[in-house]
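One letter stands for each residue in the lines below.
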Amino acid sequence: MINNIISVKNLVKNYGEVSAVRGISFDVIEGEIFGLLGPNGAGKSTTLEIIETLRDKTSGDIWVNGFNLDQQPDEIKKVIGVQLQTSGFYPSLNLLELIQLFCGLYNRDVDGMELLDLVNLKEKAKAQVKQLSGGQKQRFSIATTLINKPKIIFLDEPTTGLDPQARRSLWELIKGIRAKGTTVIITTHYMDEAEVLCDRVAIIDSGKIIALDTPEKLVDQLVATGFERPKEMKKANLEDVFIQLTGHALREE
Ligand code: ADP
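Before going into details, it helps to say that this report is about the structure given with it. (Residues numbered from 1 in each chain as written. Predicted model: local features only at pLDDT ≥ 70, side-chain atom pairs only at ≥ 80, totals over all residues. Heavy atoms only, no water.)

Some thoughts on the nonpolar core
Within the largest apolar cluster, 40 residues are counted, with the highest numbers of intra-cluster contacts made by L116, F140 and I174. Breaking this core down by element, the ones donating at least two residues are β3 (33-37), α3 (95-106), α4 (112-118), α5 (134-145), β7 (152-156), α6 (164-179), β8 (183-188) and α7 (191-197). Ignoring any residue separated from it by four or fewer positions in sequence, one finds F140 in contact with F89, L95, L98, I99, L116, L121, V129 and L132. Of all hydrophobic cores here, the second largest spans 27 residues; its members include L11, F26, A42 and A202. (Core = buried A, V, L, I, M, F, W, Y, C linked by side-chain atoms within 4.5 Å. Buried < 20%, exposed > 50% of the residue type's maximum accessible area, 1.4 Å probe, protein only. Helix = DSSP H or I, 4+ residues; strand = E, 2+ residues; numbered from the N terminus. Contact = heavy atoms within 4.5 Å.)

Here's the deal with the side chain of Q165
In this fold, Q165 is placed in helix α6. With residues up to four places along the chain from it excluded, the contact list for Q165 reads F242, I243, T246, G247, H248, A249 and L250.

Re the packing of aromatic side chains
Both the distance between ring centres and the angle between the ring planes are used here to describe each pair of aromatic rings. If you walk through the whole model with that rule in mind, you get 1 aromatic pair. Arranged with centres 5.3 Å apart and planes meeting at 5°, the rings of F26 and F34 form a pair that is stacked. Overall, F34 belongs to the buried group, its relative accessible area being 0%. Seen from the ring of Y190, R167 lies directly overhead, with NZ or CZ sitting 4.4 Å from the centre. (Phe/Tyr/Trp six-rings, centres within 6.5 Å; stacked < 30°, edge-to-face > 60°. Lys NZ or Arg CZ within 6 Å of the ring centre and 35° of its normal.)

Things to note about the site of the ligand
Surrounding the ligand, one finds Y15, A20, P39, N40, G41, A42, G43, K44, S45, T46 and R55. Note that an oxygen atom of the ligand is positioned 2.8 Å from one of the side-chain N or O atoms of K44. The side chain of S45 places a nitrogen or oxygen atom 2.8 Å from an oxygen atom of the ligand. For the ligand, whose unbound accessible area comes to 570 Å², protein coverage reaches 61%. Per-class residue counts for the shell around the ligand are 4 nonpolar, 5 polar and 2 charged. (Near = heavy atom within 4 Å. Polar contact = N/O pair within 3.5 Å; in protein donor to acceptor, adjacent residues only side chain to side chain. Areas by Shrake-Rupley, 256 points an atom, 1.4 Å probe, with all protein chains shown as cover. Nonpolar A, V, L, I, M, F, W, Y, C, P; charged D, E, K, R; others polar.)

Let's talk about α5
Along its 12 residues, α5 runs 17 Å from first to last C-alpha, staying within 8% of the 16 Å computed at 1.5 Å per residue. Across the 12 residues of α5, 10 count as buried, placing the element largely inside the fold. Of the residues making up α5, those classed as buried are G135, Q136, Q138, R139, F140, S141, I142, A143, T144 and T145. On its buried face, α5 is in contact with β6 (80-82), α3, α4, β7 and α6. (Expected span 1.5 Å × (residues − 1).)

Quick look at the side chain of S169
In this fold, S169 is placed in helix α6. By relative accessible area, which is 18% here, S169 ends up buried. Those residues within four positions of S169 in sequence are excluded, and the remaining contacts are R139 and L250.

A closer look at the sheet that holds strand β4 (residues 59-64)
Picture the strands of a sheet paired through backbone hydrogen bonds; they go either parallel or antiparallel. On the basis of which strands lie adjacent, the open sheet formed by 4 strands has the order β2-β1-β4-β5 and antiparallel pairing. Looking at strand neighbours, the two that pair on one side only are β2 (18-29) and β5 (67-68), the edges of this open sheet. Where helix α1 (residues 44-51) meets the sheet, its contacts fall on β1 (4-15), β2 and β4, and the angle it forms with β1 comes to roughly 120°. (Pairing = 2+ DSSP bridges. Axes fitted to C-alpha atoms, helices over the stretch in contact; angles between N-to-C directions.)

What follows is the structure, given as structure tokens:
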């Protein structure tokens, strides 16, 4: 049976005169990777932050894991994992100490080394965040979303600014998290990323959802209108050349 772990109905958010979100509705199915795509300023972060209980909405109804956002926000907080900005982490603590600190905040008992191993950062347990590469920082930030063993994690542009190897490594990590049954909501500007990762995507523009389906169906619908790419695509692109030449392995030091 399909279980909607998130339901958003007619969500509206105004910042004074600015209508950031203009009545959007969508469901997220338990266990899927759901992508929110759209240009800058489309309303993606606002929508995510409202669902995460971090921002007030103007109107609309939201349910997360069966809990209504207005009535039981604390229950929602218990089942979600939110990515924290690594810049906000205590600079003097190492990765293991930071995880222990978060365990205390969430009142959870987690094996820090096991968690670091999951995100391929065991060797960096004694390092500080500032000593990590961009990809490592993102992987650590994703690890922190998992501390409270959430049913859903929210990732806001997790691969922005990363090199191709680090992006691919993060995709594998995110797929691995989903494979363990965690629902993932992700925003991204990269359509190749959405195609590889997302089971379904919603395309948002100017605060409205203008398309919602699997990436494959959205492409098929466009092709059915007679659309063709102007030039026949080669079997590889420059990113494939780059990865072939420089290897798949992470190069972070
Ligand atoms: P996205 O994540 O898709 O880039 P945002 O949700 O950040 O979009 O922003 C949607 C719109 O709301 C934009 O026009 C943005 O300028 C505006 N906005 C976002 N946050 C605020 C805020 N705190 N105060 C006023 N306007 C905001």
